[in-house]
Amino acid sequence: MSPDTPPRAASREAALRGPGGQLRLRAEEAASPLPPLLVQAEQLAGAVLLGDHGRRRSGMGDDFWQYRPVQPGDSRRMIDHRRSARGDQQFVREREWQIAQTVHFWTDRGASMRFASSDHLPTKADRARLLALATAILMVRGGERVGLTGGLLPPRRGNIQILRMAESWTKDDDTPYAPPEHRALIPHARALCISDFLGPMQELETALAKSADRGVRGVLLQVLDPSEEAFPFAGRTRFESVTGELAHETLKARGLRDRYLDRLAERRDALDHLCRETGWQLGLHHTEQSAQAGLLWLHGALGRRAGHAT
Amino acid sequence: MSVIYGIGFASPWLLVALLALPIIWFLLRAIPPAPKRQLFPAVTLLLGLGDKETQVDRTPWWLLLLRLLALAAVILGLAGPVLNPARAIDSPKPLLLVVDASWAGAAHWSETRTQLQSLLQDAARANRPVALLSLTDPTPLQFQPADVQARLLAGVVPQPWQPSTEMLSAATRHVTEAQQGFDTLWISDGLSFVDDREARRDFIAALRDRGAVEVLQNQHEVVGLLPAAFEDGAIVLQATRANPGPASAHQLQALGLDPGGQERILASVAFQFEAGATTAETRLSLPAELRARISRFALADVRSAGAIALSDDRLRRREVALISSQAGNEGLALLSPLHYLREALAPSADLLEGTLANLLPAKPDVIVLADVAHLPAAQEEALVNWIVDGGLLLRFAGPRLAASDTARDREEPLMPVRLRIGGRSIGGAMSWGDPKTLAPFAEGSPFYKLEIPDEVTVRSQVVAQPDPELANRVIAELADGTPLVTRKDLGQGQIVLFHVTANAEWSSLPLSGLFVDMLERLAVSSAAKAPEATELDGTIWQPVDVLDGFGRLRDAGTQPGVAGPALIEAAAGPDLWPGLYQSGKRSLARNVLPVGSTLQPAIWPQDIPVRAFEASPERPLGGLFLSMALILMALDVAASLLVSGLWSPAKAAKGTAAVVLAGLLLHPNPAPAQTAAELAGELRLAYVLTGDASVDATAEAGLRGLSDVLRYRTSVEPAAPFGVDLERDELALFPILYWPMTAQQPMPSAEAYGRLNTYLANGGMIFFDTRDSDLSVTGSTSPAARRLQQIALALDIPPLEIVPRDHVLTRAFYLLQDFPGRHLRGPVWVEAIATEAETVEGLPFRQLNDGVTPVVIGGNDWAAAWAVDASGAPMYPVGRGYGGERQRELARRFGVNLVMHVLTGNYKSDQVHVPALLDRLGQ
């Protein structure tokens, strides 16, 4: 679909009315105050798709780059007659070579994300999708191509892609702790993974290693509920995962607190280490914080030049 | 029943279950509290973390203790514990309970009753049949199971008399007639009530024939109050007690009606029994007015008929009307025929002066006619009727009576005797002889035994015509036998004629103290002495109010009358209840203790054991233990939740606060009701709450809209409208009541009707709206109109008519001819013009009732047309398009006119005179 084709009003309204529409509405609200994000091109070479990013070299694009004398092999249509009429020499108008960056999104749709410790807090999954979609909207406004990891929704431009992403995120997964999807990543693209990263580390390591192999850099955002950070429990308690598969019973929950916090810190260290090895960035977001804070951080992280990140 | 430390158990073997407690302890210890389930995705991080501490593995010891205590309380409660169980009388014989049941025990009757109940309970436990014998009301013995008797216990009440010899002998007879042997428990009030020992001894002997006798004696001091006497300007009150014990103080109260008709304590005085004394005396000096109001004296802290002294006529104040033929003459005070009467009566009676026509409707007790010869026929008839109803007419002779032809030829109804022409003068300058003195009063005269001072002489008098009746009618005569005072009965009242003047002109009688005494004897003023028995011979006294044993006055109902001497002399009993008796115009109090009586303590034979009442009656504790167990279990629930972490006090407090807050918010009237003072502070329109929420809301919105219109367009600035609950709210605060009618409208109560009628009578206006003129013409049969008819039936609504074209309502503010509301053409009814009212020429509208109609009735649903929502936009559509808006505007104008009409009355109709007034002022 052409990037300039606006979605038809009817389909837009229909989309807004559906569950994905609500999500998108909120995401747009969260995204609106931010300036468009232009993802720095990490590599000039690579994909050859047209975009708004000047490559500082002559190529196919909309913006003027330079005039050059006509060389043999240039078709006559390429001659810029306004410039050529000034003199005897014929010039060709060259445009800047523009390229779009591709960003892959992955949000954890596992059951562990469907948790909120209080009625006043959003679930982790809600917050993760909101942040991801807001970021995607920013990307699209910046002319980037966005898509999901895995083959389901290849990167595309345009608002309709936002709708598709929002729609695909409304579906939940029953896996207790979903492993990151790392297939169908376009080489040298960027990636954003949002999850609580409480599942097995093994798969995450594999996924990051594979993407690093393909030259994909990205951001891991860990979204946690405040109760997972504070562990405000006491007394005899049976802790259960959301699907009920895993359970742990304790007679004195208060006694577990320090050790739990140690383990949480360990997990974060491991994530940090993994990121440093693969050139990714690690962020932390709590559902009690405002989504804006998370989005700002993502904006900064994805906008950073690759050189800074590695 | 086994008794352990004052606690007995009905089923002691249940206590064995207490042995199981240690076993339960071990069982309970093994069961830890149930865990709390907690959803927690980060459980992956917890896996493999063991508990370092294990002491909560078991139930905490204090929780265990709590549970065991609850269990122990249940066991103890079921075992039927009884505190202070009555000592069992082990004899299997039936039990006779003898109760004095006299007024002496009334003061502490609750103790006696508790004692009886515990005795009956005890007998019930021992399966002993019981009979009750009340000495003041002896009945044949009936041995019945104790629980049956317990039900009959309410019928045993203290009587306002003491057992007499006859009652005791009747009781003795019943005891001897009983078939079986029995033990006796005599609950005594501590008084020896019969003067002759014989009867009492016989009774005790009869009881001892049957079995063991034991006495339970009330240890409280028995105090009685003797009748009040009036001596030297003070009321003398004597109290007596049975035992010359230590000093004790009491409070004595004089009770009576205040001017408002409420009984209250008029005076209070403290007195004290000195140590070792059995009588105490106190004096109460009160103004005559207050004294006359006293109906009885009572000991403040004693609830017994013996502690009441009823007062009668002797303390009452009478109303005496003084009428003289010379009323209004500017004569000398000392020559006024009424002067001496006034002096004699003023201290002890209320005096009324004026003309007979004015005073007769006041129904005085006594009317005094001083030298009045003739009365107009109508007044004479009224006076006769008054006497027949029990009035006392006191007449004095004088020059006018002597000169008139009154009662010359025939006996007049208002004169006791016929009179001879002229009268006579003795001892004057022109006559022979000395002034005459009075002869001693004959027996049968009301003045009998009054002392006659020597200085009383009579110089002139009117003379009675000899007559067969005369001798009976003379109640005082001169030394030569000439009648001086004559009396005649007429109906229930009497006529007394003094044959001399009421001033000192004809005799010196009015100057002497005898005059005052005679007036007292005639019950013109209140007397101070109790009557003798012989004085009352032949009279029958009807009881009015009688005392019960507790000293409460109650209506005597249909109790038979009592002969006069018996009333004074006989002992109180079922035939002679203490109380207030009446005969003719006189009333007499019969008290429990007659004058001079004393109280004798009971004396028992040496070998009869006498016990005091049990200090603490037995009390079953089972319920107490069981409720304690319930409380402990409730605590256990809370504690278990606390231990398992499912509940914490902080959370609970938050929850409770939320519940309380929710309760407050859900409460229909969270704001305190507006007080009358707040409502009265500002003018506000009001509507009647119909009970239909939507109608009420519309009425509220409508009046709010109308208030806004008034505020914008006129100088009337009403506050927020108020919903009136007819049953509760004060109506006088609102100038107009809007009353939307619904078919389901409840009927107002009688009080509400009373208030509504007062409201209408005092210038309020009720605006009835049947809201249905789209369906029917007002007044015809729609459900709301029918309801309106039912409701308005009891209201004082004047005749109505459809608003005439010249009614002030059509021009109070706007000029209107139609009164549309949400509906267009319903007629509006207002008070009809009075038939005699004529249209005054040049006056465009009529003068009626200050111009304000008390009701306006229509059915155009005005409130809906006025109704606005919070933002001021109309709530209901009216009509169609611009025509509809015009209709709404007219509805608003009608509302303005209506309120203006209510607030300004006929001011608007008066305005038409303004040009004429200005003209007259010369401007």
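In case you missed it, the structure is sitting above this.
Procedures and definitions
- Residues numbered from 1 in each chain as written.
- Chains lettered and ligands numbered in written order.
- Predicted model: local features only at pLDDT ≥ 70, side-chain atom pairs only at ≥ 80, totals over all residues.
- Helix = DSSP H or I, 4+ residues; strand = E, 2+ residues; numbered from the N terminus.
- Buried ≥ 20, exposed ≤ 12 C-beta atoms within 10 Å, placed from the backbone.
- Pairing = 2+ DSSP bridges.
- Contact = placed C-beta atoms within 7 Å.
- Axes fitted to C-alpha atoms, helices over the stretch in contact; angles between N-to-C directions.
- Nonpolar A, V, L, I, M, F, W, Y, C, P; charged D, E, K, R; others polar.
- Expected span 1.5 Å × (residues − 1).

Caption draft 1: Examining unusual backbone geometry more closely. Although it is not a glycine, histidine 188 of chain A adopts a positive phi angle of roughly 60°. Within the secondary structure layout, histidine 188 of chain A lies in the loop between helix H5 (159-169) and strand E5 (190-195). Not every positive phi belongs to a glycine, and arginine 771 of chain B is a case in point at roughly 60°. Position of arginine 771 of chain B among the secondary structure elements: in the loop between strand E37 (765-769) and helix H21 (783-792). Under the C-beta neighbour-count criterion, arginine 771 of chain B is labelled buried, with 26 such atoms within 10 Å.

Caption draft 2: Examining the sheet that holds strand E32 (residues 610-612) of chain B more closely. Residue and element names in this part refer to chain B. A sheet is described by the order of its strands in space; here six strands give the open sequence E7-E6-E5-E8-E9-E32, paired in mixed fashion. At either margin of the open sheet sits one strand with a lone partner, and together these are strand E7 (144-145) and E32. Two elements, strand E9 (residues 213-217) and E32, share three bridges in a ladder whose sense is parallel. Residue pairing in the sheet places valine 215 in a bridge with valine 610 of E32. Its contacts with the sheet place helix H4 (residues 109-125) against strand E5 (95-99), strand E6 (129-134), strand E8 (183-188) and E9, and it is angled at close to 165° to E8.

Caption draft 3: Spatial organisation of the pairing of strand E18 (residues 318-324) of chain B. All names here are of chain B. Burial analysis of E18 places six of its seven residues in the buried class, which makes it a mostly covered element. Relative to strand E19 (residues 349-353), E18 is paired through five bridges, and the arrangement is parallel. Across the sheet, the residue bridging to alanine 321 is leucine 352, located in E19. Here E18 runs beside strand E20 (residues 366-370); their pairing, made up of five bridges, is parallel. Residue pairing for E20: leucine 322 is matched across the bridge by valine 368.

Caption draft 4: Spotlight on the interface of chain A and chain B. Chain A puts 31 residues into the contact, and the matching count from chain B is 23 residues. Taken together, the elements giving at least two residues each to the side of chain A that touches chain B come down to strand E7 (237-240), strand E8 (247-250) and helix H8 (253-278) of chain A. Considering every element that reaches the side of chain A that touches chain B, the biggest residue donor is H8 of chain A, with seven residues. Per-class residue counts for the side of chain A that touches chain B are 13 nonpolar, eight polar and 10 charged. Bridge count for E7 of chain A against strand E3 (residues 36-39) of chain B is four bridges, and the pairing is parallel. Bridged to arginine 238 of chain A within E3 of chain B is arginine 37 of chain B.

Caption draft 5: Representation of helix H20 (residues 750-761) of chain B. Spanning 12 residues, H20 of chain B covers 16 Å between terminal C-alpha atoms, matching the ideal 16 Å at 1.5 Å per step. Downstream of H20 of chain B by one or two residues, glycine 763 of chain B has phi in the positive range, about 95°.

It is worth stressing that arrangement in space is one thing and function is another; only the former is reported here.
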